[in-house]
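So the chains spell out like this:
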Amino acid sequence: MLDVQQLRAWYGKAQILFDVSLHVGAGQCVALMGRNGAGKSTTMKALMGLLARRSGQVRFEGSDISTLAPHRISRLGLGWVPEDRRIFTDLSVRENLEVGRQPARPGAAAAWTPEKLFDLFPNLATMLDRPGGRTSGGEQQMLTIARTLMGNPRLVLLDEPSEGVAPLIVEQLARMMVTLKQQGLSILLSEQNLHFARLVSDRAVVLEKGQVQFSGTMEQLMADETVQRTYLSV
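These numbers come from a predicted model, not from an experiment. (Residues numbered from 1 in each chain as written. Predicted model: local features only at pLDDT ≥ 70, side-chain atom pairs only at ≥ 80, totals over all residues. Heavy atoms only, no water.)

Colleague: So what exactly am I meant to see when it comes to the nonpolar core here?
Modeller: Grouped burial of nonpolar side chains is what soluble globular proteins tend to show. Core analysis: the biggest nonpolar cluster contains 34 residues, and Phe-121, Leu-124, Leu-149 and Met-177 have the highest contact counts within it. Taken together, the elements giving at least two residues each to this core come down to α3 (93–99), α4 (114–120), α6 (137–149), β7 (155–159), α7 (167–182), β8 (186–191) and α8 (194–200). Top element by residues in this core is α7. It accounts for seven residues. Dropping the residues within four chain positions of it, Met-177 is found in contact with Cys-29, Leu-158, Ile-187, Leu-189, Phe-196 and Val-200. If you look at the next biggest cluster of nonpolar residues, it comprises 28 residues, including Val-30, Phe-60, Leu-68 and Leu-155. (Core = buried A, V, L, I, M, F, W, Y, C linked by side-chain atoms within 4.5 Å. Buried < 20%, exposed > 50% of the residue type's maximum accessible area, 1.4 Å probe, protein only. Helix = DSSP H or I, 4+ residues; strand = E, 2+ residues; numbered from the N terminus. Contact = heavy atoms within 4.5 Å.)

See the structure below:
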């Protein structure tokens, strides 16, 4: 689904990513892990074409998207859930969902609808007319994921979904992600919470200062205490 080779990215003159390579298979969840400042969110933004200066090759479902604009990348079926959620606070939950709607893609499963999403996020069904700004942090996280799914993506870039939400919501998000994988959706998950990543991920890529320090299965990461202690512990 997604193949990234030697991705480099800059903020102005400062280089942040150094030859990052990773891949995500169909129906897989790959955890992109590391401490704050490791380059996880920068990787997500570079993949979505949101950084003016980047290099390397990014292929999505066989197509080279390395130089495409963000709206063109989105239309190909790559969805992004940003860390800061970016919901429309003055719009209702229902209106936020409609903003994200795109038609189903050829060869994909049936299109996402609000009704299907309420099976994943039953909380949202009870607050359709509530302004987005009057929902809790966990509810906003659910809403921004649901809004992205309304775009019928084939692969989702999910940036720090567990940060700042209650443990009960984290468990609900984990169940949701397992369900999405079972339905064939691919996920690149940026995450610091090792427990959460272990519950949902097949493979892991660990970053430190914009460089890949580990790439392997989640089982290999859980067995490697040196990598955990060196690059993931606070």
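Colleague: What exactly am I supposed to notice about the pairing of strand β9 (residues 203–208) here?
Modeller: If a strand is regular, its side chains alternate between the two faces of the sheet. Judged by how many residues are buried, β9 sits mostly within the fold: six of six residues are covered. Burial along β9 is two-sided: Arg-203, Val-205 and Leu-207 and Ala-204, Val-206 and Glu-208, pointing in opposite directions, are all buried. Of the strand pairs in this sheet, strand β3 (residues 29–33) and β9 are connected by four bridges, and their pairing is parallel. Among the inter-strand pairings, Met-33 is bridged to a residue of β9, identified as Val-206. One ladder, built from six bridges, connects β9 with strand β10 (residues 211–217); its direction is antiparallel. (Pairing = 2+ DSSP bridges.)

Colleague: Even after reading the chapter, I still don't get the pattern of salt bridges, so can you show me in this structure?
Modeller: Close approach of charged atoms allows side chains of opposite charge to pair. Summed over all chains, the structure comprises eight salt bridges. Of the charged contacts, one joins Arg-35 and Glu-208 as a salt bridge, the two residues approaching to 3.5 Å between their closest N and O atoms. Taken as a pair, Arg-35 in the loop between β3 and α1 (40–47) and Glu-208 in strand β9 lie far apart in primary sequence, 173 residues in all. A relative accessible area of 26% places Arg-35 in the partly exposed class. Overall, Glu-208 belongs to the buried group, its relative accessible area being 19%. Between Arg-154 and Glu-61 there is a salt bridge whose closest N-O contact spans 3.3 Å. (Salt bridge = Lys/Arg side-chain N within 4 Å of Asp/Glu carboxyl O.)

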